[in-house]
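In case you want the letters, here they are:
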Amino acid sequence: MISTIYIENEICDHPVTRKVLSRFTNVNIIECDRYTEIFNRKAQNFRLQKKNPSLILAKKHSGFVLEAPDDYGIEGDNNYYFSHMLNCIYDCRYCFLQGMYRSAHYVLFVNYDNFTEEIGNKLKSHPDEEAWFYSGYDCDSLALDPVTGFADFILSFFRSQPKAHLEFRTKSTQIRSLLKSDPIDNCAIAFSLSPENITQVLESKTPSLFNRLDAMKKLQQAGWNVGIRFEPLIYMDDYKTHYSQLFSTVFDQLDADQLHSISVGSFRVPKGYFKNMVKLYPDEKLFAGPLEESDGMIAYRLELQEEMLTWCSQQITDQAPSCHHYQCRN
Amino acid sequence: MLTIVMALHCEASPLISKYKLKKVTEVHHYQYYQNNKINLVISGVGKAASASATGYSHAINGSPPHTAWLNIGMAGHTDFDIGCGFLANKIHDRSTQQTWFPSIVFEPPCITDKLLTVDRPDSKYQLNGGVDMEASGFYATASRFTTNELVQCYKVVSDNQRSPMKKISTKEATDLIQKKLDDINFLVEQLLNARHALSALYESPIMFDEICDRIKLSHTEQLQVKDRLRKLYLLNPNALTNKAILENQSSARKLLSTLDHIIARQEISFP
């Protein structure tokens with residue numbers, strides 16, 4: 001539960017600020033000049049802050065829409081990502097955010113208009129081509145949506161941009177705003193799924209697999225494009241048993257023919273972030289696994305990565321042969 | 001350890017009694033009290049005095065990592081009642097215009113509010129919040145030594161716009177703090193627990209000291225051995241009870257190779 005909200009002076013009266021604040025009672029409001037005074041400060045402990053994170057309402061000044069890393073996208077050459085929030089209400093131990101940011105507070109950029117303006121500019125630079133825009137790189141796209149209302153806002157933009165494709169990446173079951181609105185073809189809601197043991201041990205505070213599947217079914221039934229991201233694949237000696245159970249459960253519950261896309265990707269983190277993660281969580285078993293460094297990234301030993309990606313991909317192809325399926329390697 | 005920094009002895013006396021703190025006679029520059037968990041230093045009035053006492057305390061304790069710090073004292077406030085205790089959520093130094101935001105990671109036992117640190121007593125109550133003379137000096141110094149979450153400032157209101165500042169007797173000061181011992185004790189416990197949880201993460205792994213007794217390790221080798229022992233413990237806590245690992249280990253290189261070999265054989269599973 002959020003008990004403290006920091007607000008940049010400049011956006012105190014912004015309509016989104018007012019709307020967000022109306023969702024809270026009994027919170028401490030603290031004014032600041034720039035969110036970086038709190039978020040980027042040295043000598044903060046992400047692990048301690050994660051016990052009681054605050055919300056920071058801020059204005060983003062630049063870098064609204066960025067080129068997606070190679071191989072991040074599903075298709076096409078024009079792949080971008082954007083983050084209306086930094087950090088996530090969940091606490092997944094494999095997440096790179098805990099190694100990237102000094103603070104565990106959530107930052108919400110309230111100047112939503114600037115995101116759509118910049119997406120519009122990117123579209124103008126590819127007048128005859130399609131482009132893909134990914135939300136949920138530095139946060140979970142939907143987890144705080146009842147507070148932010150961002151999904152409604154961004155969907156209203158994409159509704160009139162048929163050449164622009166939007167992907168929400170999420171583990172959240174906060175789908176009420178999506179179910180209330182008409183589905184659009186150029187939007188996919190991609191759910192990250194892991195075996196139940198991994199969800200329980202490494203994905204603290206996230207909805208259970210059962211609840212995520214329930215949300216996915218409701219979205220499918222309402223006509224939304226639903227995708228699955230089996231990422232990150234976590235190595236265990238008996239990974240085949242756990243992932244086999246996961247695939248069976250998922251494809252029993254969902255209509256595989258109607259799925260928008262499926263991806264698999266192994267656990268991988270930039271070396272610097274990984275170092276921070278181990279420093280914060282030296283007691284985490286995941287980090288004691290068969291990991292190695294290659295080209296500045298920490299990942300499972302190459303042969304293990306290949307083995308898992310190949311085996312999981314084959315299982316998916318067998319169970320959902322008609323679904324667009326790809327591997328994410330970066 | 002938790003170090004409490006307070007300006008005046010009359011403010012500190014309820015804490016000295018409650019925690020049965022003993023005067024450390026070897027320390028001559030400050031009045032300094034201690035038990036096995038808490039240090040308390042009487043800094044004198046003003047941010048420079050508070051900063052200097054904080055730095056001094058850190059140094060004489062051997063500059064340990066993950067220390068916790070708490071500044072307790074009296075403050076004026078625009079409208080809080082006299083005797084009300086509050087935890088600072090924003091500290092602003094009027095003369096330097098610097099601002100700090102203490103990170104409060106627990107549910108506080110009291111109100112939180114902003115705090116302005118001034119160089120001279122101020123009875124204008126212009127800021128909608130608290131006014132003191134120590135917090136910025138204390139916070140700027142203590143937060144150099146540890147993570148922000150372990151540095152807090154707690155103030156008890158001694159005057160406000162309705163009852164402006166007057167000379168407070170030592171008994172009044174003592175009473176104001178005495179009445180807030182429950183809040184203070186809660187903060188002390190929270191900070192000690194957080195500090196303990198953090199320190200426990202970085203203790204030397206099992207068997208490390210024994211290895212150091214047997215094999216001469218360079219600093220880098222020590223880090224490598226600690227890393228391997230940590231991994232082995234996480235994968236199989238029982239593996240480190242087997243002292244056979246240490247037999248016939250004539251060098252760090254051989255030991256590291258043995259540990260790598262054992263780690264590679266461990267089962268990787270998540271319950």
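Residues numbered from 1 in each chain as written. Chains lettered and ligands numbered in written order. Predicted model: local features only at pLDDT ≥ 70, side-chain atom pairs only at ≥ 80, totals over all residues.

Draft legend 1. Up close: the nonpolar core. Ranked by size, the top nonpolar core spans 148 residues in total, and within it Ile56(A), Val107(A), Leu40(B) and Leu70(B) carry the most contacts. Listed in part, the 7 residues of the second largest apolar core include Met207(B), Ile211(B), Leu232(B) and Leu259(B). (Core = buried A, V, L, I, M, F, W, Y, C linked by C-beta atoms within 7 Å. Buried ≥ 20, exposed ≤ 12 C-beta atoms within 10 Å, placed from the backbone.)

Draft legend 2. Seen up close, the sheet that holds strand E15 (residues 268–270) of chain A. Residue and element names in this part refer to chain A. With respect to topology, 3 strands assemble into an open sheet ordered E15-E17-E16, the strand pairing being antiparallel. The open sheet has two edge strands, E15 and strand E16 (291–294), and neither has a second partner. Adjacent strand axes in the sheet meet at a mean angle of 30 degrees, parallel and antiparallel pairs treated alike. As paired elements, E16 and strand E17 (residues 297–300) share 4 bridges and run antiparallel to each other. Paired with Leu291 across the two strands is Tyr300, which belongs to E17. Against the sheet, helix H12 (residues 271–280) contacts E15, E16 and E17, and its axis sits at roughly 100 degrees relative to E15. (Pairing = 2+ DSSP bridges. Helix = DSSP H or I, 4+ residues; strand = E, 2+ residues; numbered from the N terminus. Axes fitted to C-alpha atoms, helices over the stretch in contact; angles between N-to-C directions. Contact = placed C-beta atoms within 7 Å.)

Draft legend 3. View of the pairing of strand E1 (residues 2–6) of chain B. Residues and elements named next belong to chain B. Of all 5 residues in E1, 5 are buried, a share of seventy percent or more. Of the two faces of E1, the one holding Leu2, Ile4 and Met6 and the one holding Thr3 and Val5 are both buried throughout. Summarising the sheet, E1 and strand E4 (residues 38–42) pair through 5 bridges and their orientation is parallel. Bridged to Val5 within E4 is Val41.

Draft legend 4. Representation of the interface of chain B and chain A in the model. Between chain B and chain A, the contact holds 24 residues from the first and 27 residues from the second. Elements supplying a minimum of two residues to the side of chain B that touches chain A: strand E6 (85–93), helix H5 (181–201) and helix H7 (219–235) of chain B. Among the elements that line the side of chain B that touches chain A, the one with the most residues is H7(B), at 4 residues. A breakdown of the residues in the side of chain B that touches chain A according to their chemical character gives 11 nonpolar, 8 polar and 5 charged. (Nonpolar A, V, L, I, M, F, W, Y, C, P; charged D, E, K, R; others polar.)

Draft legend 5. Summary view of the sheet that holds strand E2 (residues 28–32) of chain A. Residues and elements named next belong to chain A. Spatial strand order, E2-E1-E3-E8-E6: 5 strands in an open sheet with mixed pairing. For this open sheet the edge positions go to E2 and strand E6 (85–86), each flanked by a neighbour on one side alone. Here E6 pairs with strand E8 (residues 106–109) via 2 bridges, running antiparallel. Paired with Leu86 across the strands is Val107, a residue of E8.

Draft legend 6. Spatial organisation of the packing of H7(B) against helix H8 (residues 252–265) of chain B. Residues and elements named next belong to chain B. In contact at an axis separation of 10 Å, H7 and H8 are set at 20 degrees when each is read in the N-to-C sense. With respect to H8, the axis of H7 lies roughly parallel. Crossing geometry of H7 relative to H8 is assigned as left-handed. Side by side, H7 and H8 meet where Glu221, Gln224, Val225, Arg228, Lys231, Leu232 and Leu235 of the first sit next to Ala252, Leu255, Leu256, Leu259, Asp260, Ile262 and Ile263 of the second. (Parallel < 35°, antiparallel > 145°, perpendicular 65-115°, else oblique. Left-handed = near helix turned anticlockwise from the far one by under 90°.)

This is a description of form; function is not addressed.
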